[in-house]
Amino acid sequence: MRRLLNVRPRGGGRLLLGLLPLLAVALLYLGASTARHIENPRDKILPTPAAMVVAMIDMAKVDPMTGRVPLFEDTGASLRRLTVALVIATSITLVFGLALGLLPIVRAGFGPLVAAIAVIPPIAVLPILFIVFGLGETAKITLIVFGVTPFMVRDLAAHVTAIPEEQIVKAQSLGASTWQTALQVALPQALPRLIDSVRLSLGPAWVFLISAEAIAADVGLGYRIFLVRRYLAMDIILPYVAWISLLAVIMDLLLVQVSRRAFRWAHPLRDR
Amino acid sequence: MAQVLTMPPRPAALLSFEEVWVEYGDKVVLERVSLQIAPQSFVSIVGPSGAGKSTFLRLITGQEQPTRGRVLMDGAPACDEPGPERGVVFQRYSVFPHLSALDNVAFGLNCAGSPLLGRLFGARRRAVREEAAAMLEAVGLQDAREIYPSQMSGGMQQRLAIAQALVRHPRVLLLDEPFGALDPGIRLDMHELILGLWQRHTLTILMVTHDIKEAFKLGTRVLAFDKRRRDPQAPHRYGATAVYDFLLDRKSPLGVLSEMEAVQDIVGIAPSFDVPL
Ligand SMILES: Nc1ncnc2c1ncn2[C@@H]1O[C@H](COP(=O)(O)OP(=O)(O)OP(=O)(O)O)[C@@H](O)[C@H]1O
Ligand SMILES: [Mg+2]
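Analysis parameters
Residues numbered from 1 in each chain as written. Chains lettered and ligands numbered in written order. Predicted model: local features only at pLDDT ≥ 70, side-chain atom pairs only at ≥ 80, totals over all residues. Heavy atoms only, no water. Axes fitted to C-alpha atoms, helices over the stretch in contact; angles between N-to-C directions. Helix = DSSP H or I, 4+ residues; strand = E, 2+ residues; numbered from the N terminus. Parallel < 35°, antiparallel > 145°, perpendicular 65-115°, else oblique. Left-handed = near helix turned anticlockwise from the far one by under 90°. Contact = heavy atoms within 4.5 Å. Nonpolar A, V, L, I, M, F, W, Y, C, P; charged D, E, K, R; others polar. Domains from an automatic or database assignment. Buried area = accessible area lost by both parts, 1.4 Å probe. Salt bridge = Lys/Arg side-chain N within 4 Å of Asp/Glu carboxyl O. Polar contact = N/O pair within 3.5 Å; in protein donor to acceptor, adjacent residues only side chain to side chain. Buried < 20%, exposed > 50% of the residue type's maximum accessible area, 1.4 Å probe, protein only. Pairing = 2+ DSSP bridges. Near = heavy atom within 4 Å. Areas by Shrake-Rupley, 256 points an atom, 1.4 Å probe, with all protein chains shown as cover. pLDDT = per-residue confidence, 0-100. Core = buried A, V, L, I, M, F, W, Y, C linked by side-chain atoms within 4.5 Å.

Some points on the packing of helix α5 (residues 122–133) of chain A against helix α6 (residues 137–161) of chain A
All names here are of chain A.
Then, in step 1: Running from N to C, α5 and α6 point in directions that differ by 150°, and their axes come no closer than 9 Å. It follows that α5 is roughly antiparallel to α6 by the angle criterion. The element α5 and its partner α6 pack so that their crossing is right-handed. On the side of α5, the interface is formed by Pro122, Ile123, Val125, Leu126, Leu129, Phe130 and Phe133, while α6 contributes Thr138, Ala139, Thr142, Leu143, Phe146 and Gly147.
Then, in step 2: Of the residues that constitute the contact of α5 with α6, the class distribution is 10 nonpolar, 3 polar and no charged.

Written out as structure tokens, the structure reads:
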């Protein structure tokens, strides 16, 4: 008998193994939902799949009052906020993470500040953002940026600091200036890590987005969930949550693909 | 035919160490190192682990500054940070993992040619790639141009590191246990390679090694670092220095054998000269 450590599922077996728990959860839900509906056919807490489909078809139809499709509107608004925020966070991270990781003088100057910012709970800052930026898009985007950037900066700085000293010395002994070392040695090695760091930040970014939308918004996935909560509309909330998860998974997969394609050297052929 | 009667002038020292000390807090690593390194010499450096061999090289690369004394290159203090006239090859992490073999070698040329971007375009790019390819060929890596270091064996990586360092034509090449991680067969190949490059490029090489045979086979001069005196109560209070300095005369292999034994004593069983104070 092989050690459990060495049993590696491949191909179809692996897919099946991944699907089983998902199927189990779905079955569990179906059972609970059916049980509740036998007791009370008008149960709203665990809607049947059919009810959810009906509710979602409604959400994907043009609303005669506004002439718009709520599902698409919400998705578009949320994705726009998320993307803008992540692009800003990534740009800040690139500059500050590289500088902090590569230059001892910047580390000495700004390291403590970044460490201090990182321990502030972002949600606690939300009221300040609403006061300063009003209730519009800026405050929501700023919250996400504020929430994920300190982590990303510190992660990237740590990664750049961990580039072996030998490499940095080698670059200089080949005549590279500080700028050339940053551009040709540190930056390329930081990029795959930056993508990983964005992937890890996707979860928190969604949390901050939905929090901001729940408090002040008139469109967005988080806004919709908190709006229909008043009517106990689980038949909308549950599919919306599933939809958000699906979006998050797709973004994650896209980032992995980008990293695989663009940074072949960082992905050795055999992944454990 | 006029006979040249005067001796040719002795070549001035390329590197000189003047009473150099290196200390970390109250730990003395190197003490009173005074040495001259002649151009085009191949200096092998041996010594027990922790004797300060790497520290000695780091003084030349500019990674380390002497606590006391001076390190001079061509008679001028020039070693306060790494520069292209001093090439280095370390035991590990010497090549850039994100660049193909060819780009690793082209790195130095790109840096010289393009201060702003560190990369070249058009005809200059082609010229650089040709030069880099020629250098790869010189170390026997002509078939590995597009391969990344992670796909190379240890020996290939060290060949690449040497090619990368030589492309800027350094005056001094510093090797810190460059073949330490290679198996004996590959080592022999590397010896031939490095001797050939040393002669062809009229290099000055300083190489740290743990292998005494290797030191005597390759070097024109062998230095052994060790502590000259020891304090059993506070071993860190005394630093190491070059306790043995031998200019190899290739005509007397018998002499070399006894010399190797002498060095074996230094490196293997450390002599203990307890100093009564
Ligand atoms: N940053 C540091 N702080 C304190 N001590 C240090 C530092 N760097 C090196 N040393 C000490 O300096 C001494 C010499 O180190 P060095 O790396 O030069 O030895 P070495 O001769 O190259 O050894 P090895 O053969 O194991 O590579 C060691 O005793 C080490 O503990
Ligand atoms: Mg060493």
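Points about the domain arrangement of chain B
Residue and element names in this part refer to chain B.
Then, in step 1: Partitioning chain B into domains gives domain 1 (10–85 + 174–277) and domain 2 (96–169).
Then, in step 2: Taking the mean C-alpha position of each, domain 1 and domain 2 sit 29 Å from one another.
Then, in step 3: Listed per partner, the contact involves 13 residues of domain 1 and 11 residues of domain 2.
Then, in step 4: Carbon and sulfur atoms supply 75% of the area buried between domain 1 and domain 2, which totals about 990 Å² over both sides.
Then, in step 5: There are 0 salt bridges connecting domain 1 and domain 2.
Then, in step 6: Summed over the shared surface of domain 1 and domain 2, the result is 1 residue pair in polar contact (both at pLDDT 80 or more).

A few points about the interface of chain A and chain B
Then, in step 1: Across the boundary between the two partners, chain A contributes 21 residues, which contact 33 residues of chain B.
Then, in step 2: A buried area of about 2300 Å², summed over both sides, lies between chain A and chain B, and 62% of it is on carbon and sulfur atoms.
Then, in step 3: When the buried surface of chain A facing chain B is broken down by residue, Lys170(A), Leu174(A) and Trp265(A) rank first, second and third, together holding 29% of it.
Then, in step 4: Counting the contacts that link chain A with chain B gives 1 salt bridge.
Then, in step 5: Across the pair Arg58(B) and Glu165(A) runs a salt bridge, and its minimum N-O distance is 3.9 Å.

Let's talk about the pairing of strand β3 (residues 42–46) of chain B
All names here are of chain B.
Then, in step 1: For β3, the buried fraction is high: 5 of the 5 residues fall into the buried class.
Then, in step 2: Here β3 shows no split at all, with Phe42, Ser44 and Val46 on one side and Val43 and Ile45 on the other all buried.
Then, in step 3: Two elements, β3 and strand β7 (residues 204–208), share 4 bridges in a ladder whose sense is parallel. What sits directly across from isoleucine 45, in β7, is valine 208.
Then, in step 4: Here 4 bridges tie β3 to strand β8 (residues 221–227), and the two strands are oriented parallel to one another. Across the sheet, the residue bridging to serine 44 is valine 222, located in β8.

Some details on the site of ligand 1
All names here are of chain B.
Then, in step 1: The local shell around ligand 1 consists of Tyr24, Lys27, Val29, Ser49, Gly50, Ala51, Gly52, Lys53, Ser54, Thr55, Glu177 and His210.
Then, in step 2: Here an oxygen atom of ligand 1 and a side-chain polar atom of glutamate 177 are 3.4 Å apart.
Then, in step 3: A distance of 3.1 Å is found between an oxygen atom of ligand 1 and a side-chain nitrogen or oxygen belonging to histidine 210.
Then, in step 4: For ligand 1, the protein covers 60% of the area, taking 640 Å² as the surface of the free molecule.
Then, in step 5: Mapped onto the shell around ligand 1, the elements with two or more residues apiece are β2 (27–37) and α1 (53–61).
Then, in step 6: Counting residues per element, the shell around ligand 1 draws most heavily on α1, at 3 residues.
Then, in step 7: Looking at side-chain class alone, the shell around ligand 1 contains 3 nonpolar, 6 polar and 3 charged residues.

Thoughts on the confidence of the model for chain B
The predicted coordinates ought not to be read in detail in places where the model reports low pLDDT.
Residue and element names in this part refer to chain B.
Then, in step 1: In this model, chain B carries a mean pLDDT of 85, and residues with pLDDT of at least 70 account for 90%.
Then, in step 2: Across chain B, the element-wise mean pLDDT spans from 72 in helix α7 (residues 253–267) up to 95 in β7.
Then, in step 3: Note on residues 269–277: pLDDT is under 50 here. Beyond four places in sequence and across chains, it has 17 contacts.
Then, in step 4: With a pTM of 0.84, the predicted complex shows an ipTM of 0.85.

Some points on the side chain of Gln158(B)
Residue and element names in this part refer to chain B.
Then, in step 1: Turning to its location among the elements, glutamine 158 is positioned in helix α4 (residues 154–166).
Then, in step 2: A residue is classified by how much of its surface remains accessible, and glutamine 158, at 6% relative accessible area, is buried.
Then, in step 3: Not counting residues up to four positions away in its chain, the partners in contact with glutamine 158 are Val89, Phe90, Gln91, Pro178, Leu182 and Met190.

Notes on the nonpolar core
Then, in step 1: Of all hydrophobic cores here, the largest spans 48 residues; its most connected members are Leu82(A), Ile144(A), Val160(A), Trp206(A), Ile236(A) and Tyr240(A).
Then, in step 2: Counting residues per element, the ones that place at least two in this core are α2 (49–59), α3 (70–102), α5, α6, α8 (178–215), α9 (221–228) and α10 (234–262) of chain A.
Then, in step 3: Considering every element that reaches this core, the biggest residue donor is α8(A), with 12 residues.
Then, in step 4: With residues near it in sequence (within four places) discarded, Ile236(A) still touches Ala55(A), Met59(A) and Val228(A).
Then, in step 5: In terms of nonpolar packing, the next biggest core, distinct from the first, is built from 38 residues, Val105(B), Leu120(B), Leu160(B) and Ala165(B) among them.

Examining the domain arrangement of chain A
Then, in step 1: Segmentation of chain A into domains returns domain 1 (14–46) and domain 2 (53–271).
Then, in step 2: Centre-to-centre separation of domain 1 of chain A and domain 2 of chain A, based on C-alpha positions: 32 Å.

Here we look at the environment of Pro188(A)
Then, in step 1: Mapped onto the elements of the fold, Pro188(A) is located in helix α8.
Then, in step 2: Each C-alpha atom of the pair Pro188(A) and Phe263(A) lies 8.6 Å from the other, and the pair is 75 residues apart in sequence.
Then, in step 3: Setting aside residues no more than four positions away along its own chain, Pro188(A) makes contact with Ala182(A), Leu183(A), Trp265(A) and His98(B).

Things to note about unusual backbone geometry
Then, in step 1: The phi dihedral of Leu232(A) is positive, around 50°, even though this residue is not glycine.
Then, in step 2: Of note, Leu232(A) is situated in the loop between α9 and α10.
Then, in step 3: Residue class for Leu232(A) comes out partly exposed when judged on its relative accessible area of 47%.
Then, in step 4: Of note, the phi angle at Glu19(B) is positive, near 50°, even though the residue is not glycine.
Then, in step 5: Here Glu19(B) shows up in strand β1 (residues 15–24).

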